[in-house]
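# Working through the structure, step by step
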Amino acid sequence: MTAPIPRDIPDLPAIPSPPALKPAPVPATAVVTPVRRPAAAAFRLLIALAATAGVTLELLLGDPSRVLSSFAIQSNMLLALVMALSARRAWTARRPLPGAVLGATLLYVVIAALVHHLLLANAASPFSLTGEAATPTGRQVLSHATLNTVTPIAAALDWLLLTSPGRMHLRQASTWLLYPMAYLAFCLTRGELLLPGTPDRYLYPFLDVGQDGFKRVLGNALLLGLSFYALAVLLVGLDHARPNPIRHRGKTGFRL
């Protein structure tokens, strides 16, 4: 015979649920030891010093208001700041600056160099400089060479040889053009505020509204803007196609 089933079954104690695990993200430095890069830091510091020296020399030799209005000067000032910050991060084993910042800085100094060599200093260009601006002498030769040749090449070498690839994105290319567009508005506004006949009223021959009129100047600006965008897209494409020059193998204590 089987025992009768009781009508009232006593309540069983509840089974405690396992405690919920709190999220505890582990920083990358706990798994992979940060790597200091003194060579990269030294090279970037040299770039920052070269850009600073070129800008300082230009300020000493020319009108500060005119010098500070130049695209090449502004882009090299930005390069000096970015390279100084990048050098500090490489020396202290911190994460590098965002790729968008490095890409924009590189684009601006390359634009300044190409405009100088292809349009302003090229005798075959319809926008070549004339007068004293076309034939710099003395220390101006050194400052022009530093700002328009040395620092752009050094910035490109830093990007190619000392940074990880694939950190730039195509969506950033259009954002990088906001500064050249703002600079165009600044140049045209500055020219309108200055009296006719003022030396260097318009900073660049292809933006000289007094000589060519607004229609032609806007056409020049459109062609340059499209060229700058194509250059930005090219930089992004090269950033994803180039090999990685700084592969590091972190020691985690185990093998997969």
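Residues numbered from 1 in each chain as written. Predicted model: local features only at pLDDT ≥ 70, side-chain atom pairs only at ≥ 80, totals over all residues. Heavy atoms only, no water.

Scanning the protein chain for helices and strands turns up eight helices and zero strands. When the helices and strands of the protein chain are read in sequence order from the N terminus, they spell out α-α-α-α-α-α-α-α. Taking the intrachain contacts of the protein chain between residues at least 6 apart in sequence as the baseline, contacts between residues at least 24 apart amount to 74%. As displayed, the protein chain has an accessible area near 16,500 Å², and 67% of this comes from carbon and sulfur atoms. (Helix = DSSP H or I, 4+ residues; strand = E, 2+ residues; numbered from the N terminus. Contact = heavy atoms within 4.5 Å. Areas by Shrake-Rupley, 256 points an atom, 1.4 Å probe, with all protein chains shown as cover.)

Attention now moves to empty space enclosed by the protein. If a probe as big as a water molecule is rolled over the atoms, it shows which places are left empty. Applying the stated criterion across every chain, the model contains one cavity of 30 Å³ or more. Its boundaries defined by the atoms lining it, the largest cavity holds a volume of some 120 Å³. As for the largest cavity, its lining consists of 15 residues, and the residues nearest its centre are Leu102, Gly103, Leu106, Asp158 and Trp159. Going through the elements one at a time, helix H3 (71–91), helix H4 (99–120) and helix H5 (139–162) are the ones with two or more residues in the lining of the largest cavity. It is H4 that provides the largest number of residues to the lining of the largest cavity, a total of five residues. (1 Å grid on protein atoms, 1.4 Å probe; cavity = no way out; pocket = protein on both sides within 12 Å on 5 of 7 lines; lining within 4 Å. Points joined across faces, edges and corners; volume = space filled by probe spheres on them.)

We now examine the packing of H3 against H4. Relative placement of two packed helices is described by the angle separating their axes and the distance separating the axes. Where H3 meets H4, the axes come as close as 9 Å, and the angle between the chain directions of the two elements is 145°. In this structure, H3 crosses over H4, and the sense of that crossing is left-handed. Contacts between H3 and H4 involve Phe71, Ala72, Ser75, Asn76, Leu78, Leu79, Val82 and Ser86 on the former and, on the latter, Val101, Leu102, Thr105, Tyr108, Val109, Ile111 and Ala112. Residues of the contact of H3 with H4, tallied by class, amount to eleven nonpolar, four polar and no charged. (Axes fitted to C-alpha atoms, helices over the stretch in contact; angles between N-to-C directions. Left-handed = near helix turned anticlockwise from the far one by under 90°. Nonpolar A, V, L, I, M, F, W, Y, C, P; charged D, E, K, R; others polar.)

Summarising the element assignment, Arg44 is placed in helix H1 (residues 38–61). Residue classification places Arg44 among the buried residues on the basis of a relative accessible area of 6%. If near-sequence neighbours (up to four positions away) are discounted, Arg44 is found in contact with Arg37, Met83, Ser86, Ala87, Ala90, Asp158, Leu162 and Thr163. (Buried < 20%, exposed > 50% of the residue type's maximum accessible area, 1.4 Å probe, protein only.)

Moving on, we get to the packing of H4 against helix H8 (residues 209–241). Running from N to C, H4 and H8 point in directions that differ by 130°, and their axes come no closer than 11 Å. What the angle tells us is that H4 and H8 run oblique. Crossing angle aside, the handedness with which H4 passes H8 is right-handed. Only Leu224, Phe228, Leu231, Ala232 and Leu235 of H8 make contact with H4, whose side of the interface consists of Leu106, Leu107, Val110, Ile111, Leu114, Val115 and Leu119. (Parallel < 35°, antiparallel > 145°, perpendicular 65-115°, else oblique.)

Another aspect to go through is H4. Here H4 spans 30 Å end to end across 22 residues, near enough to the 32 Å set by a 1.5 Å rise per residue. Of all 22 residues that make up H4, 17 are buried, and the element is covered over most of its length. (Expected span 1.5 Å × (residues − 1).)

In this section: the packing of aromatic side chains. Aromatic ring pairs: the centre-centre distance and the angle between the two ring planes describe each pair. Inspection of the entire model under this criterion finds nine aromatic pairs. For the pair Phe71 and Tyr179, a centre-to-centre distance of 5.3 Å together with 20° between the ring planes defines the contact as stacked. Taken together, the residues Phe71 in helix H3 and Tyr179 in helix H7 (residues 178–193) connect sequence positions 108 residues apart. Judged by its relative accessible area of 7%, Phe71 is buried. Overall, the relative accessible area of 24% leaves Tyr179 in the partly exposed class. A centroid spacing of 5.2 Å and a plane angle of 70° characterise the contact between Phe71 and Tyr183, whose relative ring orientation is edge-to-face. (Phe/Tyr/Trp six-rings, centres within 6.5 Å; stacked < 30°, edge-to-face > 60°.)

This paragraph deals with the pattern of salt bridges. Applying the stated criterion to the full structure yields four salt bridges. Arg216 is paired through a salt bridge with Asp212; the nearest N and O atoms lie 3.9 Å apart. In this pair, Arg216 and Asp212 both sit in helix H8, four residues apart, roughly one turn of the helix. Here Arg216 falls in the partly exposed class, since its relative accessible area comes to 47%. Its relative accessible area of 23% is what places Asp212 among the partly exposed residues. In this structure, Arg242 and Asp239 form a salt bridge, with 3.0 Å as the shortest nitrogen-oxygen distance. The same class applies to Arg242 as to Asp239, namely buried. (Salt bridge = Lys/Arg side-chain N within 4 Å of Asp/Glu carboxyl O.)

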